[in-house]
Structure formats: C-alpha cells, structure tokens
Amino acid sequence: MSHEASTGPQELTVGNLLSLPPTIDVETAAKAFGIGRTTAYQLARSGEFPCKVVRAGRSFRVVTADLRRVLGVEQPVEQAPAA
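Residues numbered from 1 in each chain as written. Predicted model: local features only at pLDDT ≥ 70, side-chain atom pairs only at ≥ 80, totals over all residues. Heavy atoms only, no water.

Draft legend 1. Representation of the environment of Ser19 in the model. For Ser19, the location among the structural elements is in the loop between α2 (14-18) and β1 (23-25). Residue classification places Ser19 among the partly exposed positions, given a relative accessible area of 36%. In sequence terms Ser19 and Thr64 are 45 residues apart; their C-alpha atoms lie 9.8 Å from each other. (Helix = DSSP H or I, 4+ residues; strand = E, 2+ residues; numbered from the N terminus. Buried < 20%, exposed > 50% of the residue type's maximum accessible area, 1.4 Å probe, protein only.)

Draft legend 2. Spotlight on the side chain of Asp66. Relative to the elements of secondary structure, Asp66 occurs in helix α5 (residues 64-71). In this structure Asp66 comes out as buried when scored by relative accessible area, which is 15%.

Draft legend 3. Just the sheet that holds strand β3 (residues 59-63), in detail. If you trace the 3 strands from one edge of the open sheet to the other, you get β1-β3-β2, paired in antiparallel fashion. The open sheet is flanked by β1 and β2 (53-56), the only strands paired with a single partner. Strand-to-strand twist in this sheet, taken as the mean axis angle between neighbours without regard to direction, amounts to 40°. Sheet topology places β2 next to β3; 4 bridges connect them, and they run antiparallel. Its bridge partner being in β3, Arg55 is matched across the sheet by Phe60. In this fold helix α3 (residues 26-33) packs onto β1 and β3, with an angle of close to 90° to the strand it touches most, β1. Along the sheet, α5 contacts β1 and β3; its crossing angle with β3, the most-contacted strand, is approximately 55°. (Pairing = 2+ DSSP bridges. Axes fitted to C-alpha atoms, helices over the stretch in contact; angles between N-to-C directions. Contact = heavy atoms within 4.5 Å.)

Draft legend 4. Representation of the packing of α3 against α5 within the structure. At a minimum axis separation of 11 Å, α3 and α5 run at an interaxial angle of 10°. Judged on the interaxial angle alone, α5 and α3 are roughly parallel. Residues Ala29, Ala32 and Phe33 of α3 pack against Leu67, Val70 and Leu71 of α5. (Parallel < 35°, antiparallel > 145°, perpendicular 65-115°, else oblique.)

Draft legend 5. Geometry of the pattern of salt bridges. For the coordinates displayed, the defined rule picks out 2 salt bridges. Arg37 is the partner of Glu27 in a salt bridge, and the nearest nitrogen-oxygen pair spans 3.1 Å. Separated by 10 residues along the polypeptide, Glu27 in helix α3 and Arg37 in helix α4 (residues 37-46) bring together distant segments of the chain. With its nearest N and O atoms 2.7 Å apart, the salt bridge here joins Asp66 to Arg69. Taken together, the residues span about one helical turn, with Asp66 and Arg69 both in helix α5 at a distance of 3 residues. The class of Arg69 is exposed, set by a relative accessible area of 58%. (Salt bridge = Lys/Arg side-chain N within 4 Å of Asp/Glu carboxyl O.)

Draft legend 6. Examining the packing of aromatic side chains more closely. In total, this model carries 2 aromatic pairs according to the counting rule given. Between Phe33 and Phe49 the ring centres are 5.8 Å apart and the planes differ by 85°, which places this aromatic pair in the edge-to-face class. Of this pair, Phe33 sits in helix α3 while Phe49 sits in the loop between α4 and β2; the two residues are 16 residues apart in sequence, bridging distant segments of the chain. Here Phe49 falls in the buried class, since its relative accessible area comes to 8%. Their ring planes at 55° and their centres at 6.4 Å tell us that Tyr41 and Phe60 sit as a pair that is tilted. Residue Tyr41 is found in helix α4, and its partner Phe60 is found in strand β3; the two are separated by 19 residues along the sequence. Neither Tyr41 nor Phe60 differs from the other in exposure class; each is buried. (Phe/Tyr/Trp six-rings, centres within 6.5 Å; stacked < 30°, edge-to-face > 60°.)

Here you go:
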C-alpha cells in the first residue's frame, strides 16, 4: 500500500509527513495544507502552489522536503553512536 493511499480523507499528522516518500501527489500535499483537490491543482498549474511542484509528464509531484519546510516540520536528526 502506498503512503498516499494510506492517509485517507483526514488531515496529515506530523508522523505522516515524516514518513512520506521524496515526492507525493498534489492531492496528498493539499491535505497537509487543508485545501481541496480542485484548488490544489489550480495552484499547481499556475505555479502558485505553496511549495515546490515538479511536472512529470502530465502529472504533478510535490517535493516532500519542501512541503515539510513550508509547514515547519523538521526531520529528526539521527544520533550517531557513541565512540
């Protein structure tokens, strides 16, 4: 099961955001911002989506790292083992 399908209709949690793959679909990113599908695609097409969107053929992919940055969600830094 993909991360995109597993989020369901609810908003995304911080845990969900941290577990997403490097790029996600516009609809999943829209959930994180609390905006609807139609508005999200309009923003993506016009270049006004709140974070980086990459065109892949006929579809749009949102860069997850930029989504997290815009939302202020930081990836926890893994601690190196003690020497």
